[in-house]
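Read off the chains here:
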Amino acid sequence: MPKLSVIIVTFNEEKNIGRCLESVKDIADEIVVVDSFSTDATEEICKKYGARFFQHPFEGHIEQKSYALTLSTYPNVLSLDADEALDETLKKNIIDVKANWIFDGYEMNRLTNYCGTWIKHCGWYPDKKLRLYNKNKGSWGGTNPHDKYEMNKGASLGFLKGDILHYSYYTIQDHYKQIEYFTNISSKELFRKGKHASVFKTIMSPVVKFIQSYIIKLGFLDGAAGLTICRLSARAAYLKYSKLRAMYKVD
């Protein structure tokens with residue numbers, strides 16, 4: 001049976017990492033954790049589960065996961081974030097894949113828990129992710145902070161039933177903080193690439209985002225949590241472009 005490396009990147013994840021590691025301990029032949037110098041109990045928890053624990057300066061989400069990949073022993077890899085875990089159905093299907101690896105990569109859905117509520121709409125589910133793959137058949141790409149694994153041209157893809165359980169935000173304040181963090185990164189990435197945002201785009205982007213997530217993608221069916229998510233998603237769209245415009249004004 002082919003062996004499987006599980007790779008996880010961390011920074012101050014003592015609240016989440018134990019749950020993540022518990023969900024993969026029975027399917028992983030090794031667990032590789034790349035940490036950007038946590039100051040909490042993250043390292044202690046990881047070593048308790050027998051993880052190979054490395055520390056590396058954080059240079060970006062894509063860069064950190066690419067580095068973690070170089071430390072994995074086996075070509076077949078499962079990538080998870082520290083605030084994610086496998087449900088039982090997905091775990092079983094990954095075990096089946098290990099016994100009969102057919103495709104170069106496997107996609108799966110991610111189900112997000114928002115302040116205690118599982119979100120089934122808002123464009124958050126099904127949130128298809130490519131997380132199980134042969135590392136020789138692809139690489140990490142995307143635009144920071146939204147990394148994604150991309151298979152090489154001609155690589156084959158399969159799909160696994162079950163969900164990655166994503167424990168995203170415990171409080172609304174956590175969401176606000178993440179929006180500030182992500183929009184700082186995304187606006188800088190756009191600026192680095194020479195992208196611009198007009199006044200019209202800056203104003204209309206949050207409007208379009210809200211309509212898309214709350215109405216078209218049925219966010220209203222997620223109740224109060226859905227309204228909050230769609231409202232804050234609109235805020236994030238506005239901040240990304242307003243921060244980009246501010247960078248050009250400074251220059």
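First things first, this report covers the structure right here in the doc. (Residues numbered from 1 in each chain as written. Predicted model: local features only at pLDDT ≥ 70, side-chain atom pairs only at ≥ 80, totals over all residues. Heavy atoms only, no water.)

**Looking at the nonpolar core**
One finds Ile8, Ile31, Leu78, Ile94 and Leu132 to be the most contacted residues of the largest nonpolar core, which totals 27 residues. Only strand E1 (5-10), helix H1 (17-24), strand E2 (30-35), helix H2 (42-48), strand E4 (76-81), helix H4 (88-99), strand E6 (105-114) and strand E11 (157-169) provide two or more residues apiece to this core. It is H1 that contributes the most residues to this core, four residues altogether. Residues within four places of Ile8 in sequence aside, it is in contact with Ile17, Cys20, Leu21, Ile31, Val32, Val33, Val34, Leu80, Asp81 and Ala82. (Core = buried A, V, L, I, M, F, W, Y, C linked by side-chain atoms within 4.5 Å. Buried < 20%, exposed > 50% of the residue type's maximum accessible area, 1.4 Å probe, protein only. Helix = DSSP H or I, 4+ residues; strand = E, 2+ residues; numbered from the N terminus. Contact = heavy atoms within 4.5 Å.)

**Overview of the environment of Cys46**
Here Cys46 lies in helix H2. Relative accessible area serves as the criterion here: at 0%, Cys46 is assigned to the buried category. Linking Cys46 and Thr10, residues 36 residues apart in sequence, is a C-alpha distance of 9.9 Å. Once residues lying within four places of it in the same chain are set aside, the contact partners of Cys46 are Ile17, Leu21, Val33, Ala51 and Phe53.

**A look at the side chain of Asp222**
Within the secondary structure layout, Asp222 lies in the loop between helix H6 (199-216) and helix H7 (223-250). Lys120 provides the closest opposite charge to the buried, unpaired Asp222, separated from it by 7.7 Å. Of the polar contacts made by the side chain of Asp222, one reaches the backbone nitrogen of Lys120; its length is 3.2 Å. The contacts of Asp222, once residues within four sequence positions are left out, are Trp118, Ile119, Lys120, His121 and Cys122. (Lys, Arg positive; Asp, Glu negative; His and termini not counted. Salt bridge = Lys/Arg side-chain N within 4 Å of Asp/Glu carboxyl O. Polar contact = N/O pair within 3.5 Å; in protein donor to acceptor, adjacent residues only side chain to side chain.)

**So, the packing of aromatic side chains**
Evaluated as defined, the whole model comprises 12 aromatic pairs. With a centroid separation of 5.7 Å and 85° between ring planes, the pair formed by Phe103 and Tyr106 is classed as edge-to-face. Using a relative accessible area of 30% as the deciding quantity, one classes Phe103 as partly exposed. Between Tyr114 and Tyr169, the ring centres sit 5.8 Å apart and the planes meet at 75°, which makes this aromatic pair edge-to-face. Taken together, the residues Tyr114 in strand E6 and Tyr169 in strand E11 connect sequence positions 55 residues apart. As far as burial versus exposure is concerned, Tyr114 and Tyr169 are alike and both buried. One aromatic cluster is present, formed by Trp101, Phe103 and Tyr106 through successive ring pairs. When the ring centre of Tyr170 is taken as reference, the NZ or CZ atom of Lys15 above it lies at 4.5 Å. When the ring centre of Tyr167 is taken as reference, the NZ or CZ atom of Arg19 above it lies at 3.6 Å. (Phe/Tyr/Trp six-rings, centres within 6.5 Å; stacked < 30°, edge-to-face > 60°. Lys NZ or Arg CZ within 6 Å of the ring centre and 35° of its normal.)

**A short note on empty space enclosed by the protein**
All told, the structure shown has one cavity of 30 Å³ or more when counted by the stated rule. Computed from the structure, the largest cavity encloses a volume of approximately 30 Å³. Residue lining of the largest cavity: Ile7, Ile8, Val9, Lys65, Ser79 and Leu80, and that is the complete set. Contributions of two or more residues to the lining of the largest cavity are made by E1 and E4. Looking at the lining of the largest cavity element by element, the count peaks at three residues for E1. When grouped by side-chain class, the residues that make up the lining of the largest cavity number four nonpolar, one polar and one charged. (1 Å grid on protein atoms, 1.4 Å probe; cavity = no way out; pocket = protein on both sides within 12 Å on 5 of 7 lines; lining within 4 Å. Points joined across faces, edges and corners; volume = space filled by probe spheres on them. Nonpolar A, V, L, I, M, F, W, Y, C, P; charged D, E, K, R; others polar.)

**Some remarks on H1**
Here H1 lies mainly inside the structure; six of its eight residues are buried. Restricting attention to buried positions, one finds in H1 the residues Ile17, Gly18, Cys20, Leu21, Ser23 and Val24. Packing partners of the buried residues in H1 comprise E1, E2, H2, E4, strand E5 (84-86) and H4.

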